[in-house]
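# Analysis of the macromolecular model
The primary structure of each chain is shown beneath.
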Amino acid sequence: MASLSLRHIYKKYPGGVTAVSDFNLEVKDKEFIVFVGPSGCGKTTTLRMIAGLEEITEGELFIGDQLVNDVAPKDRKIAMVFQNYALYPHMSVFENMSFGLKLNKTPKEEIKRRVEEAARILDITHLLDRKPKALSGGQKQRVALGRAIVRNPKVFLLDEPLSNLDAKLRAAMRTELTKLHARVGTTFVYVTHDQVEAMTMATRIVVMKDGLIQQVDTPQHLYDAPCNIFVAGFIGTPQMNFINGKLVKKDSDVYFEFEGVSLKLPAEKANAPELADYIGNEVVVGLRPECISDEAKLVDANPDTSFAVDVDVTELMGAEIYLYLTIGETNLIARVSSRSQSRAGQNINVNFDMSRLHIFDKDTERCIIH
């Protein structure tokens, strides 16, 4: 098993294109690290540099204590699982899983033992004689994972391995991958554009944008304390609401004003020293959909943080309802109880949970306070 250390890693292509800039990350032994971000943000390029499939332009990459910049992929003791499975169609499942071991001249008995053990872990023992064309998408994915497991790698690299599966199977495989990680006790580095996969599986998440790391943190801390507007908007479903407005001081209280509405900030946020320079200036306030309520008792009890909105669309999600709201030029999404009586076309009152709002600098987009 091994740790990973990426120190000031750059990837530059001819023509002046920089895919990854100054990437610094320390991955502990047995961590489940997930790289997440939109398409083209550099996450797969970074994974391929770890694998040795892309050359590192600048910086140093260590696997354990070994500098591996110039080490061939086959000698890095890593195993990679690809998005398209990359199985040999003319080989059986057993042959696919054992192929790498045969190339390394592993003894036949050892190959048999490792393949059967991996098949048992992945519950594919009954498939060992089948060809890939006779397998479902989920079974092919397990075979690809099995082929990686038999090599006893120090690090597993997984590049969007669930993206070809349907939604139900994807959810089941997320659970299976988490169990697999616990069982094999190896470092996992996983790439996805799906923030649900990142939130449910990762020990820590690396959020990337335009080749740069935006934030590295645990899933819960990323959700509760995003460092900027990009991270706040990328993590969480539905996306966080962003509202342009102004901070105004009245007597000893601070209010956030937008669209003719004035909402009182809680004392602990109003008195935060980081906010002092922003009083009287425009800011962006972020609030998660679950922090907007249409419950009458909350609205009535909190007149300083409640106001009227128009309901444009309602989406019943089973256990909850998404309300798509407007006030003036501002659009909002609220996530409310399935018992809600709010309907499209109504004008209703909603309450903001101001204790959970985030305030961002309008120019730099950095978070001022959570």
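Below you will find a few notes about this structure. This one's a predicted model, so the numbers in the text were calculated from it and none came from an experiment. (Residues numbered from 1 in each chain as written. Predicted model: local features only at pLDDT ≥ 70, side-chain atom pairs only at ≥ 80, totals over all residues. Heavy atoms only, no water.)

So, about the side chain of Arg142. Counting through the fold element by element, Arg142 comes out in helix H4 (residues 137-149). Summary of buried charges: Arg142 has no salt-bridge partner, and the nearest side chain of opposite charge, Glu176, is 4.1 Å away. Setting aside anything within four residues of it in sequence, one finds Arg142 in contact with Leu122, Asp123, Ile124, Met173 and Glu176. (Helix = DSSP H or I, 4+ residues; strand = E, 2+ residues; numbered from the N terminus. Buried < 20%, exposed > 50% of the residue type's maximum accessible area, 1.4 Å probe, protein only. Lys, Arg positive; Asp, Glu negative; His and termini not counted. Salt bridge = Lys/Arg side-chain N within 4 Å of Asp/Glu carboxyl O. Contact = heavy atoms within 4.5 Å.)

Attention now goes to the nonpolar core. Counting residues in each nonpolar core, the largest one holds 47 residues, and the members touching the most others are Met97, Leu145, Leu158, Leu177, Leu180, Tyr190 and Val207. At 6 residues, the largest contribution of residues to this core is made by helix H3 (residues 108-122). Setting aside residues no more than four positions away along its own chain, Leu145 makes contact with Val81, Leu122, Phe156, Leu158, Met173, Leu177 and Leu180. Judged by nonpolar contacts, the second largest core, of 35 residues, contains Ala272, Val311, Leu325 and Ile359. (Core = buried A, V, L, I, M, F, W, Y, C linked by side-chain atoms within 4.5 Å.)

For the rest of this paragraph, the subject is the sheet that holds strand E3 (residues 32-36). On the basis of which strands lie adjacent, the open sheet formed by 6 strands has the order E6-E7-E8-E3-E9-E10 and mixed pairing. Edge positions in the sheet fall to strand E6 (78-81) and strand E10 (212-217), since each has one partner strand and no second. The average undirected angle you get between the axes of adjacent strands in this sheet is 15 degrees. With 5 bridges connecting them, E3 and strand E8 (residues 187-192) associate as parallel partners. Paired with Phe32 across the bridge in E8 is Phe188. Against the sheet, helix H5 (residues 167-184) contacts E3, strand E7 (155-159) and E8, and its axis sits at roughly 160 degrees relative to E8. (Pairing = 2+ DSSP bridges. Axes fitted to C-alpha atoms, helices over the stretch in contact; angles between N-to-C directions.)

Moving on: the pairing of E3. Where burial is concerned, most of E3 is hidden: 5 out of the 5 residues are buried. Burial along E3 is two-sided: Phe32, Val34 and Val36 facing one way and Ile33 and Phe35 facing the other are all buried.

With that settled, the discussion passes to H4. Spanning 13 residues, H4 covers 18 Å between terminal C-alpha atoms, matching the ideal 18 Å at 1.5 Å per step. Burial of H4 is extensive: 10 of the 13 residues sit out of reach of the surface. Along H4, the residues that are buried comprise Gly138, Gln141, Arg142, Val143, Ala144, Leu145, Gly146, Arg147, Ala148 and Ile149. On the buried face of H4, the contacting elements are E6, helix H2 (93-103), H3, E7 and H5. (Expected span 1.5 Å × (residues − 1).)

A few words on the packing of H2 against H3. With their axes 10 Å apart at the nearest point, H2 and H3 run at an angle of 135 degrees to one another. As summarised for this structure, H2 and H3 are arranged oblique, according to the angle between their axes. In the packing of H2 onto H3, the handedness of the crossing is right-handed. Counting all contacts with H2, which are made through Phe94, Met97, Ser98, Leu101 and Lys102, the residues of H3 involved are Ile111, Lys112, Arg114, Val115, Ala118 and Ala119. (Parallel < 35°, antiparallel > 145°, perpendicular 65-115°, else oblique. Left-handed = near helix turned anticlockwise from the far one by under 90°.)

On to the sheet that holds strand E2 (residues 17-27). Taken in spatial order, the 4 strands line up as E2-E1-E4-E5 in an open sheet, and their pairing is antiparallel. Both edges of this open sheet fall to E2 and strand E5 (66-67), since each of them pairs with a single strand only. Sheet strands touched by helix H1 (residues 43-51): strand E1 (4-13), E2 and strand E4 (58-63). Its angle to E1, the strand with the most contacts, is close to 115 degrees.

What follows covers the packing of H2 against H4. Helix-helix packing: each pair is described by the crossing angle between the helix axes and the interaxial distance. Axis separation between H2 and H4 bottoms out at 7 Å; the angle between their running directions is 30 degrees. Our pair here, H2 against H4, has a crossing hand that is right-handed. For the pair formed by H2 and H4, the contact residues are Val93, Asn96 and Met97 on the first element and Val143, Gly146 and Arg147 on the second. Grouping the amino acids of the contact of H2 with H4 by side-chain chemistry returns 3 nonpolar, 2 polar and 1 charged. (Nonpolar A, V, L, I, M, F, W, Y, C, P; charged D, E, K, R; others polar.)

Now for the pairing of strand E11 (residues 241-250). Sheet analysis places E11 next to strand E14 (residues 282-287), joined by 6 bridges and oriented antiparallel. Residue pairing across strands places Asn244 opposite Val284, the latter belonging to E14. Where E11 meets strand E12 (residues 253-258), 5 bridges bridge the pair, whose relative direction is antiparallel. Within E12, the residue paired with Lys249 across the bridge is Val254. Here E11 folds back onto E12 in antiparallel fashion, the turn holding 2 residues, of which Asp251 has a positive phi close to 55 degrees.

This paragraph deals with the pattern of salt bridges. For the structure on display, the rule yields 15 salt bridges. The partner of Glu54 in a salt bridge is Arg48, with the nearest N and O atoms 3.7 Å apart. When its relative accessible area of 27% is taken as the criterion, Arg48 is described as partly exposed. Between Glu110 and Arg113 there is a salt bridge, and its shortest N-O distance comes to 2.9 Å.

Turning our attention to the environment of Ile368. With respect to the helices and strands, the residue Ile368 is situated in strand E21 (residues 367-369). Judged by its relative accessible area of 14%, Ile368 is buried. Not counting residues within four places of it along the chain, the set of residues in contact with Ile368 comprises Glu274, Leu275, Tyr278, Val283, Ile359, Phe360 and Asp361.

Geometry only, nothing functional implied.
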